[in-house]
Structure formats: C-alpha cells, structure tokens
Amino acid sequence: MSLGYLERAFYEFFDRHNFCIPAVIVSVRNAAQRRIDVKPLPNKVYATGEVIEYPVITSVQAVMPSTSNTMIHFPLVVGDVVLLVFSQEELDSAKAGSTAPYTPDTRRKLDLSDAIAIVGYFGFGSTPESKTTRYCSYTDADVAVVH
C-alpha cells in the first residue's frame, strides 16, 4: 500500500509523539515522592510496520487525588497498571517543584521522559468493583474506601 504525502506525514508525526498508554509499574523508586519506573504494555508499531517494545520509563510521577492539605494515598505496587499521559511541554521544572509559570529549557514535546502516571487503571474484568474481586459489602451507588 502506497501512502500519500499527507497520510505519510500524519503517521510520521504519531511515530514521534506519545499521548496516552497503559503501563505496568516495574519499580517504586521513592514512594514518598510518588516516583516510579514503568514499562508500557502495548508495543510501538511504526508506520513502516516495524514493531518494538518500549523501554522502561524511569522517574515517572504517579498522580493521586490530593491538594496541598489533603490526600488519598494509594500504595504503589510493582505489577499494578497505570495510565501514562505525556505532557505537551517538558516537565523538568514542574517535577522539581515549580508552582510558577516557567519557560521550558528544551523543545521536547509529548516525549516518553515527560510521562505522568495515573494510578488505578484496570481491565474491565479486573476492577476492584468487579463482583469477582469485591471482598466487602457496598453497592455501585455507595462511596467506598476499601483496603
């Protein structure tokens, strides 16, 4: 199949950028900093048909519901699956703690090194709410914190 110019440019753009992908936690570097290492689950498929495994992405910030005064803490567990999203701009200053607007030091965009992990990603059949994994009594209409 021959690709036209616009179609080829479209695929080449997506071959160079990352948006969102599930990954498994392979290491917890620092739980207090929510710093984890992750391995994306799907393989990378290029427009050329080449297939490669993604590398382990290190020092990814895990996101949990929290504010500066309140949080819900989840244990970060090797083997759990997270959802990675990739920042439009580099995150180096934000990861260092910046809370003021900053100008990125690089032109890096949607890069593997700028991943953020959202905890709590499950397949449909393995959610904690699933009847097969539910081990306490609550309904789908209840608010529940279970550990």
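Here is what the cut-offs are and how they apply
- Residues numbered from 1 in each chain as written.
- Predicted model: local features only at pLDDT ≥ 70, side-chain atom pairs only at ≥ 80, totals over all residues.
- Heavy atoms only, no water.
- Core = buried A, V, L, I, M, F, W, Y, C linked by side-chain atoms within 4.5 Å.
- Buried < 20%, exposed > 50% of the residue type's maximum accessible area, 1.4 Å probe, protein only.
- Helix = DSSP H or I, 4+ residues; strand = E, 2+ residues; numbered from the N terminus.
- Contact = heavy atoms within 4.5 Å.
- pLDDT = per-residue confidence, 0-100.

J.: Help me out: how do you make sense of the nonpolar core in this one?
T.: One broad rule of soluble globular proteins: the nonpolar side chains tend to lie buried together. Counting 16 residues, the largest nonpolar core has I36, V38, I57, V60, V82 and L84 as its most contacted members. Contributing elements (two or more residues each) for this core: β1 (20-30), β2 (35-40), β5 (57-63), β6 (81-86) and β7 (115-119). Not counting chain neighbours up to four residues away, the residues in contact with L84 comprise F19, C20, I21, A23, V38, P40, I57, V60, A115, I116 and A117.

J.: Could you clarify how one ought to interpret unusual backbone geometry in this entry?
T.: Leaving glycine out, the prevailing phi sign among residues is negative, and the prevailing peptide bond configuration is trans. A positive phi angle, close to 55°, is found at S59, a residue other than glycine. In this fold, S59 is placed in strand β5. Its identity as a non-glycine residue notwithstanding, L110 has a phi of 50°, on the positive side. Tracing the chain through its elements places L110 in the loop between α2 (92-95) and β7.

J.: Can you help me understand the confidence of the model for the protein chain in this one?
T.: Detailed reading of the predicted model is not advised wherever pLDDT is low. Per-chain confidence: the protein chain averages 88 in pLDDT, with 94% of residues scoring 70 or above. When the elements of the protein chain are averaged for pLDDT, helix α1 (residues 5-16) gives the smallest value, 80, and β2 the largest, 98.

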